[in-house]
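Here's the letter readout for the chains.
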Amino acid sequence: MADITPVLYVTRIESFSACHRLNSSQLGEKDNQDIFGKCNNPNGHGHNYKVEVTVKGKVDPVTGMVMNIVDLKIYIQEAVMATLDHKNIDKDVPYFKDIVSTTENVAVYIWKGLEKLLPPNTLYKIKIHETDKNVVCYKGEWM
């Protein structure tokens, strides 16, 4: 019988504060206002986001870890905190020049940033709490 290796999931949670304005350049002023409501405020609005980064893998027999949490924290610092914390997402993050800064798109942005830093095939899920009631989850899937 072949050895079966369990796959485990490790999650690191960080918080960041940022502002944005939900506004699509593909829509007119009235449509933007109708679709995004108060989130289309010309001066923007802010959130205290909570982001959960989950990695997966097998437990290293020497370290007993899927990934060193200190390393994961460094990756999150580079891909999330340095680029998004205390920023105006629409004005300070070039990725959002032509992309509406919804939490859905922020999740994809974070995924792309972390995917470049993490060992291949270890990133499992990005979960962002925009508010206590609004949560977005992204697992790198495309349709």
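Residues numbered from 1 in each chain as written. Predicted model: local features only at pLDDT ≥ 70, side-chain atom pairs only at ≥ 80, totals over all residues. Heavy atoms only, no water.

- Taking an unreviewed UniProt entry as the reference, the protein is identified by name as 6-pyruvoyltetrahydropterin synthase belonging to Priapulus caudatus.
- Per UniProt, the comment on the protein under Cofactor (unreviewed entry) is "Zn(2+)". (UniProt positions renumbered as here; feature names shortened; annotations may be inferred.)

## Brief notes about the layout of surface pockets
Thinking step 1. By volume, the largest pocket amounts to about 200 Å³.
Thinking step 2. Of the residues contributing to the lining of the largest pocket, the split by class is three nonpolar, five polar and four charged.
Thinking step 3. Each pocket or cavity is described by its volume, and for the second largest pocket that value is around 170 Å³.
Thinking step 4. Lining the second largest pocket are 13 residues; nearest its centre among them are Leu22, His47, Thr103, Glu130 and Asn134.
Thinking step 5. Counting residues per element, the ones that place at least two in the lining of the second largest pocket are β2 (45-57), α4 (103-117) and β5 (135-138).
Thinking step 6. Residue classes in the lining of the second largest pocket are distributed as four nonpolar, seven polar and two charged. (1 Å grid on protein atoms, 1.4 Å probe; cavity = no way out; pocket = protein on both sides within 12 Å on 5 of 7 lines; lining within 4 Å. Points joined across faces, edges and corners; volume = space filled by probe spheres on them. Nonpolar A, V, L, I, M, F, W, Y, C, P; charged D, E, K, R; others polar. Helix = DSSP H or I, 4+ residues; strand = E, 2+ residues; numbered from the N terminus.)

## Here's the deal with the side chain of Asn40
Thinking step 1. Relative to the assigned elements, Asn40 resides in the loop between α1 (29-36) and β2.
Thinking step 2. A distance of 2.8 Å separates a polar atom in the side chain of Asn40 from a polar atom in the side chain of Asn23.
Thinking step 3. Each residue touching Asn40, except ones within four places of it in the same chain, is listed here: Arg21, Leu22, Asn23, Asn32 and Gln33. (Polar contact = N/O pair within 3.5 Å; in protein donor to acceptor, adjacent residues only side chain to side chain. Contact = heavy atoms within 4.5 Å.)

## Observations regarding the pairing of strand β1 (residues 8-20)
Thinking step 1. Here β1 runs beside β2; their pairing, made up of 13 bridges, is antiparallel. Across the sheet, the residue bridging to Thr11 is Thr54, located in β2. (Pairing = 2+ DSSP bridges.)

## Quick notes on the packing of aromatic side chains
Thinking step 1. Scanning the entire structure with this criterion turns up six aromatic pairs.
Thinking step 2. Seen in terms of ring centroids, Tyr95 and Phe96 are 5.0 Å apart; in terms of plane orientation they differ by 80°. Their pairing is edge-to-face.
Thinking step 3. For Tyr95, a relative accessible area of 25% gives the class partly exposed.
Thinking step 4. Taking relative accessible area as the criterion, Phe96 reaches 2% and is therefore assigned buried. (Phe/Tyr/Trp six-rings, centres within 6.5 Å; stacked < 30°, edge-to-face > 60°. Buried < 20%, exposed > 50% of the residue type's maximum accessible area, 1.4 Å probe, protein only.)

## Points about the pattern of salt bridges
Thinking step 1. Summed over all chains, the structure comprises three salt bridges.
Thinking step 2. Put simply, Arg12 and Glu14 hold a salt bridge, and the shortest N to O gap is 2.8 Å.
Thinking step 3. Here Arg12 falls in the partly exposed class, since its relative accessible area comes to 22%.
Thinking step 4. Residue class for Glu14 comes out buried when judged on its relative accessible area of 17%.
Thinking step 5. Of the charged contacts in the structure, one is a salt bridge between Asp98 and Lys97, with a shortest N-O distance of 4.0 Å.
Thinking step 6. According to the relative accessible area criterion, Asp98 is exposed, its value standing at 56%. (Salt bridge = Lys/Arg side-chain N within 4 Å of Asp/Glu carboxyl O.)

## Some remarks on the sheet that holds β2
Thinking step 1. A sheet is described by the order of its strands in space; here five strands give the open sequence β3-β1-β2-β4-β5, paired in mixed fashion. Each having just a single partner strand, β3 (87-88) and β5 make up the two edges of the open sheet.
Thinking step 2. The strands that helix α2 (residues 69-84) touches are β1, β2 and β3; relative to β1, the one it contacts most, it runs at about 20°.
Thinking step 3. Each of β1, β2, β4 (123-129) and β5 is contacted by α4, which is oriented at about 145° to β4, the strand it contacts most. (Axes fitted to C-alpha atoms, helices over the stretch in contact; angles between N-to-C directions.)

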